[in-house]
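Take a look at the letters that make up each chain.
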Amino acid sequence: MGQLLPKYNILTEDQVQKIHENTMKILEEIGIEFEYEPALEVFRREGQKVEGKRVYLTSEFVESKLKSAPAEFILHARNPENNVVIGGDNIVFMPGYGAPFIYELDGSRRKTTLQDYENFAKLAGASKNMHLSGGTMAEPQDIPDGIRHLKMLYSSIKNSDKCFMGSAEGRKRAEDSIEMAAILFGGKDVIKEKPVLVSLINSLTPLKYDERMLGALMAYAEAGQAVVIASLVMAGSTGPASLAGTLSLQNAEVLAGISLAQSINPGTPVIYGSTSALSDMRSGSLSIGSPECALFISASAQLARYYGVPSRSGGGLNDSKAVDAQAGYESMMTLMATTLTGINFVLHTAGILQYFMAMSYEKFIMDDELAGMLLHYMKGYTFDEDGMAYDVIAKVGPGGHFLTQKHTRKNHKREFYTPTLSDRNAYDGWAKDKLEAKQRAHARWQQILANYVPPALDQEIDAKLQAFIAQRSEVLGGE
């Protein structure tokens, strides 16, 4: 979806330059630790200073690598109508990621299962506001860890024909993801030419990358697949208790990861990622439903534009443990900051609760409504002849009404957002059932799942995927 409204810049040009200069000083004088020998070898080959596991990057090196990163790219889906453009003026929404728990309508908590994952894949597939089916939408605790990624990938492929995410749990699982994508799309050469996977690579703040993430990053870069290079700095604990300092630390980690990807394969599609927020000084917990998080989201969008790469941040972020008013107002704050400042790739748009720890079906439906409202908002005004509406204004004149006009019947669906969840009835209409938003959301997700028919998957491809999963499961010791 292209954003038509102008993007809001939260930093001045001078402030962006100060962050950039502070970042380069961190990279050149403090350095980043890379706990993976193949990555260290890449930097040695590129002529950068390497001492043990610590790498010192010159500003000239980083800036040269940024030049080879594409400003935007197409991520290809098995249904070409669901291809998405990442970068530029585009914004793509997708569900939450990585949660180990489900919060139920009654306030209880339970561990996530593969059935939950499949349900969220279907809900994302059915939604007109979710542009990707997502990644680890719910970490299935009932599946052995060794084969969990295989089951999730297959579910994403089977239950939706939208783009999906690959595993970042080390090189081997990344290679499994690439192999399954190659089976689906017709070969590794095909997907290297037209990327189909995107994966989330996280730094280990402060100023480190571990072997697991680096192995995955290198595998995807070699295969020409997209990577989100992301940093989660918790201001006050894993980062300084100042926003500009935290932003500089985040920036150093992300630029170091981007530089590695471009050194491996120039032109690798990369996305500048941020999930930085703060540590609550009373509890020590991460807080993502905060104005500081909204500031990091906004600044990250601007920094990504400064470096000429797509951005990832934001979503329906909150710290609430229930689908309540807190979940609503915090999510709207962070998701609106996301859209207004021009973030391109939005993980955690729908379903997330309690600083990435839980998913909720009801929250997914409520966030999907928020996403639809904001996509409509970003379209702005229409200034064609129908939009200006002079003729119908002249026809109705003073004291008349527009309800019965042909212009109204023609234009209201284009101009007005029609909610699928919000209740706009008069009090008497609402009072018949007195259902709150979360109760309506509960009924709606169940109705969607009951009526959803997954898009057909070629039987031969399906058989090859299942055979690959069986073979890898045997090797990995899964059941």
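Everything below is about the structure shown above.
How each quantity is defined
Residues numbered from 1 in each chain as written. Predicted model: local features only at pLDDT ≥ 70, side-chain atom pairs only at ≥ 80, totals over all residues. Heavy atoms only, no water. Core = buried A, V, L, I, M, F, W, Y, C linked by side-chain atoms within 4.5 Å. Buried < 20%, exposed > 50% of the residue type's maximum accessible area, 1.4 Å probe, protein only. Helix = DSSP H or I, 4+ residues; strand = E, 2+ residues; numbered from the N terminus. Contact = heavy atoms within 4.5 Å. Salt bridge = Lys/Arg side-chain N within 4 Å of Asp/Glu carboxyl O. Patch = residues over 30% accessible without salt bridge, like charges linked within 9 Å, V, L, I, M, F, W, Y side chains within 5 Å. Areas by Shrake-Rupley, 256 points an atom, 1.4 Å probe, with all protein chains shown as cover. Lys, Arg positive; Asp, Glu negative; His and termini not counted. Charge placed at Lys NZ, Arg CZ, Asp CG, Glu CD. Pairing = 2+ DSSP bridges. Polar contact = N/O pair within 3.5 Å; in protein donor to acceptor, adjacent residues only side chain to side chain. Axes fitted to C-alpha atoms, helices over the stretch in contact; angles between N-to-C directions. Parallel < 35°, antiparallel > 145°, perpendicular 65-115°, else oblique. Nonpolar A, V, L, I, M, F, W, Y, C, P; charged D, E, K, R; others polar.

Caption draft 1: Region of interest: the nonpolar core. Among the nonpolar cores identified, the biggest contains 116 residues, and Leu27, Phe34, Phe120, Met180, Ile201, Leu260 and Tyr272 are the most heavily contacted of them. In terms of residue count, helix H9 (residues 243-264) provides more of this core than any other element does, ten residues in total. Once residues lying within four places of it in the same chain are set aside, the contact partners of leucine 27 are Ile32, Val55, Tyr56, Leu57, Val62, Ala252, Leu255 and Ala256. Formed by 19 residues, the second largest nonpolar core is a distinct cluster that contains Tyr97, Met165, Leu200 and Ile271.

Caption draft 2: How the structure looks around the pattern of salt bridges. With the rule as written, the count across this model stands at 26 salt bridges. As a salt-bridge pair, glutamate 175 and arginine 171 come within 3.0 Å of each other at their nearest N and O atoms. Residue glutamate 175 and its partner arginine 171 are both found in helix H6 (residues 171-185); the two are separated by four residues, about one turn of the helix. Given the relative accessible area of 31%, glutamate 175 is considered partly exposed. For lysine 410, the salt bridge is made with aspartate 386, and the minimal N-O distance between the two is 2.9 Å. With a gap of 24 residues between them, lysine 410 in helix H15 (residues 406-415) and aspartate 386 in helix H13 (residues 385-388) connect regions that are remote in the sequence. Assessed through its relative accessible area of 57%, lysine 410 is described here as exposed. Taken together, the shared-partner salt bridges in this structure form one network comprising Glu139, Asp145, Arg148 and Arg173.

Caption draft 3: Seen up close, a negative patch on the surface. A cluster of like negative charges, contributed by Glu28, Glu29, Glu60 and Glu63, occupies part of the molecular surface. Those elements giving two or more residues to the negative patch turn out to be helix H1 (13-30) and helix H3 (59-67). With respect to the secondary-structure elements, glutamate 60 resides in helix H3. A relative accessible area of 56% means that glutamate 60 is categorised as exposed.

Caption draft 4: Summary view of a nonpolar patch on the surface. Side chains of Tyr381, Phe383 and Met388 sit close together on the surface and give an oily, nonpolar patch of about 450 Å² of accessible area. With respect to the secondary-structure elements, phenylalanine 383 resides in the loop between helix H12 (361-379) and H13. Taking relative accessible area as the criterion, phenylalanine 383 reaches 64% and is therefore assigned exposed.

Caption draft 5: Inspection of the sheet that holds strand S14 (residues 234-235) at higher detail. In spatial order, the strands read S14-S16-S17; together these three strands make up an open sheet with mixed pairing. Each edge of the open sheet carries a strand with a single partner, namely S14 and strand S17 (286-287). Sheet topology note: the strand S16 (residues 277-279)/S17 ladder contains two bridges and is antiparallel. Within the sheet, the bridge partner assigned to leucine 278 lies in S17 and is serine 287.

Caption draft 6: How the structure looks around the sheet that holds strand S1 (residues 32-34). Here we have four strands laid out as an open sheet, ordered S2-S3-S1-S12, and mixed in their pairing. Each edge of the open sheet carries a strand with a single partner, namely strand S2 (49-51) and strand S12 (208-209). Pairing analysis gives three bridges linking S2 to strand S3 (residues 54-56), with the strands arranged antiparallel. The partner of valine 50 across the bridge, within S3, is valine 55.

Caption draft 7: Examining the side chain of asparagine 411 more closely. Summarising the element assignment, asparagine 411 is placed in helix H15. Of the polar contacts made by the side chain of asparagine 411, one reaches the backbone oxygen of histidine 407; its length is 2.9 Å.

Caption draft 8: How the structure looks around the packing of H12 against helix H17 (residues 437-451). Contact geometry for H12 and H17: axes closest at 8 Å, N-to-C directions at 95 degrees. As far as their axial angle goes, H17 and H12 are roughly perpendicular. Across the interface between the two elements, Tyr361, Glu362, Ile365 and Met366 from H12 touch Ala437, Lys438, Ala441, His442, Arg444, Trp445 and Ile448 from H17. Looking at the contact of H12 with H17 residue by residue, the class counts come to seven nonpolar, one polar and three charged.

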